[in-house]
Amino acid sequence: MSIEMNRPKEIVADILAKGVKIENIVFVGCGASMAESYPGRYFLESCAKKLRIFHYTASEFNWNTPAWLGDTSVVISVSMGGNTPETVQANSVAKAAGATVISVTHVAGSPLTKEADYCVIHDFETNYAAKLERMGYTMALALELLQQTEGYEHYDKMLDGFAKIFDLAESSAQASRRVAREFAKEYQNAPVIYVMSSGASTEVAYSTSVCMLMEMQWIHSGNCHSGEFFHGPFEIVEKDVPFLLLMNDGRTRAVDSRALTFLHRFQAKTTVIDAKDYGLSSVIDGSVATFFNPLLHTAVYRVFEEELANVREHPLTKRRYMWKLEY
């Protein structure tokens, strides 16, 4: 399976056909939705030469709206259920400033779709690959925005990558069940789990820590960029301190490798989800493989989280406060 690549292509073409001069791309969301738009931001920051790229948590965007927001801005707002109040408000803020709004959500007709100029509706329940569509569509929109404004030399290789990554992610997730169970048994009573990554998977580490561990499992957690590890966080490393490293197969692999060497040196309790082990760069061209790491990491860690929830008898849907209180 794959996402429908024609939809992002048609949306960007229609925006440009209306005479919009696109200068700023803004990704807006909350929690996992904000994090899952990061790979699109990362791709554009790596490859765009003229476009300006921004990434906001929605409440910050609403309360400290940037002065440059206007009719040259495209705002990509993301919300799983389409009813996150801050993100719905961000659409209103963007429209009031004259920006074009593209909303990515799982729920057609949800509040997020009401003020959006364009909507992309994604799957989620079907399988592990479907759970990647939200991230995939934000990446595909980023690709089309770059291709149709500046042009991109590896455009065809990115398209080929999109055609392959979802099947690879699904098979990788299915193949990870045994090691995921081992992880769950080893970490079920951990008082804290630290998560690290780099590159396009930087905010997969963030969402793994903040959403999957803290929100869904009530496990204390912290996260940092693998390159920032040596600028403070490594001082807490000692024998058996739990770490999860999402290791990239691509440009920033050396950054992750350096951190891993240090963790092993002091015998931290370390689990590595290595995209290279699942064959990322053997399936996707090396010139663009680095951008597809977060899709693979997200699919595989979902299995880890399911197994952790099972062994801890703590369902992923269990909450103390979310959806239950006014806050």
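Above this text you will find the structure in question.
Residues numbered from 1 in each chain as written. Predicted model: local features only at pLDDT ≥ 70, side-chain atom pairs only at ≥ 80, totals over all residues. Heavy atoms only, no water.

Caption draft 1: Summary view of the overall build of the protein. From N to C terminus, the protein includes 12 helices and nine strands. The C-alpha radius of gyration of the protein comes to 19 Å, within 12% of the 20 Å expected for a compact globule of 327 residues. Each of the 327 residues in the protein was classed as buried or not, and the buried ones make up 57%. Sequence separation of 24 or more characterises 77% of the internal contacts of the protein that already satisfy a separation of 6 or more. Put simply, the protein shows about 14000 Å² of open surface, and 49% of that area lies on carbon and sulfur atoms. Across the protein, the centroid of the 31 positively charged side chains sits 2 Å from that of the 39 negatively charged ones. (Helix = DSSP H or I, 4+ residues; strand = E, 2+ residues; numbered from the N terminus. Rg over C-alpha atoms; globule rule 2.2 N^0.38 Å. Buried < 20%, exposed > 50% of the residue type's maximum accessible area, 1.4 Å probe, protein only. Contact = heavy atoms within 4.5 Å. Areas by Shrake-Rupley, 256 points an atom, 1.4 Å probe, with all protein chains shown as cover. Lys, Arg positive; Asp, Glu negative; His and termini not counted. Charge placed at Lys NZ, Arg CZ, Asp CG, Glu CD.)

Caption draft 2: Region of interest: the pattern of salt bridges. Applying the stated criterion across every chain, the model contains 16 salt bridges. Among the salt bridges present, the one from arginine 41 reaches glutamate 45, with a minimum N-O distance of 3.0 Å. Of this pair, arginine 41 and glutamate 45 both sit in helix H2 (residues 31–47), separated by four residues, roughly a single helical turn. On the basis of relative accessibility, which here comes to 40%, the residue glutamate 45 falls in the partly exposed class. (Salt bridge = Lys/Arg side-chain N within 4 Å of Asp/Glu carboxyl O.)

Caption draft 3: Representation of the packing of aromatic side chains. As enumerated under the stated definition, the model contains 20 aromatic pairs in all. Its guanidinium or amino end placed over the ring of phenylalanine 124, lysine 131 lies 4.3 Å from that ring's centre, counting from NZ or CZ. Above the ring of phenylalanine 230, the side-chain terminus of arginine 258 is found at 3.9 Å from the ring centroid. (Phe/Tyr/Trp six-rings, centres within 6.5 Å; stacked < 30°, edge-to-face > 60°. Lys NZ or Arg CZ within 6 Å of the ring centre and 35° of its normal.)

Caption draft 4: Structural view of the packing of H2 against helix H6 (residues 133–149). Running from N to C, H2 and H6 cross one another at 25 degrees; their axes reach a closest spacing of 8 Å. The angle between H2 and H6 falls in the class roughly parallel. Considering the relative orientation of H2 and H6, their crossing is right-handed. Residues Ala32, Ser33, Glu36, Ser37, Pro39, Gly40, Phe43, Leu44 and Cys47 of H2 touch H6, and the partners they reach there are Arg134, Met135, Thr138, Met139, Ala142, Leu143 and Leu146. Looking at side-chain class alone, the contact of H2 with H6 contains 10 nonpolar, four polar and two charged residues. (Axes fitted to C-alpha atoms, helices over the stretch in contact; angles between N-to-C directions. Parallel < 35°, antiparallel > 145°, perpendicular 65-115°, else oblique. Left-handed = near helix turned anticlockwise from the far one by under 90°. Nonpolar A, V, L, I, M, F, W, Y, C, P; charged D, E, K, R; others polar.)

Caption draft 5: Spotlight on the side chain of serine 110. Here serine 110 is to be found in the loop between strand E4 (100–105) and helix H5 (111–114). What serine 110 contacts, discounting residues up to four positions off in sequence, is Gly81, Gly82 and Thr105.

Caption draft 6: Region of the structure containing the nonpolar core. Counting 80 residues, the largest nonpolar core has Ile25, Phe43, Ile76, Tyr152, Phe162 and Phe292 as its most contacted members. Beyond its immediate stretch of four places on either side in the chain, tyrosine 152 contacts Phe43, Cys47, Leu143, Leu146, Gln147, Met158, Val288 and Phe291. The next biggest cluster of nonpolar side chains, apart from the first, holds 15 residues, and it includes Val26, Val28, Phe54 and Ala99. (Core = buried A, V, L, I, M, F, W, Y, C linked by side-chain atoms within 4.5 Å.)

Caption draft 7: Main features of the state of the cysteines. Going through the model one piece at a time under the given rule, you end up with zero disulfides. Just so you know, cysteine 30 is unpaired, no disulfide at all, and the nearest cysteine sulfur is the one on cysteine 211, 10 Å from it. Cysteine 211 supplies the cysteine sulfur nearest to cysteine 224, a cysteine that is in no disulfide, at a spacing of 17 Å. (Disulfide = S-S within 2.5 Å.)

Caption draft 8: Quick peek at the side chain of threonine 72. Relative to the assigned elements, threonine 72 resides in the loop between helix H3 (58–63) and strand E3 (73–79). Residue class for threonine 72 comes out buried when judged on its relative accessible area of 16%. If near-sequence neighbours (up to four positions away) are discounted, threonine 72 is found in contact with Lys21, Ile22, Glu23 and Asn24.

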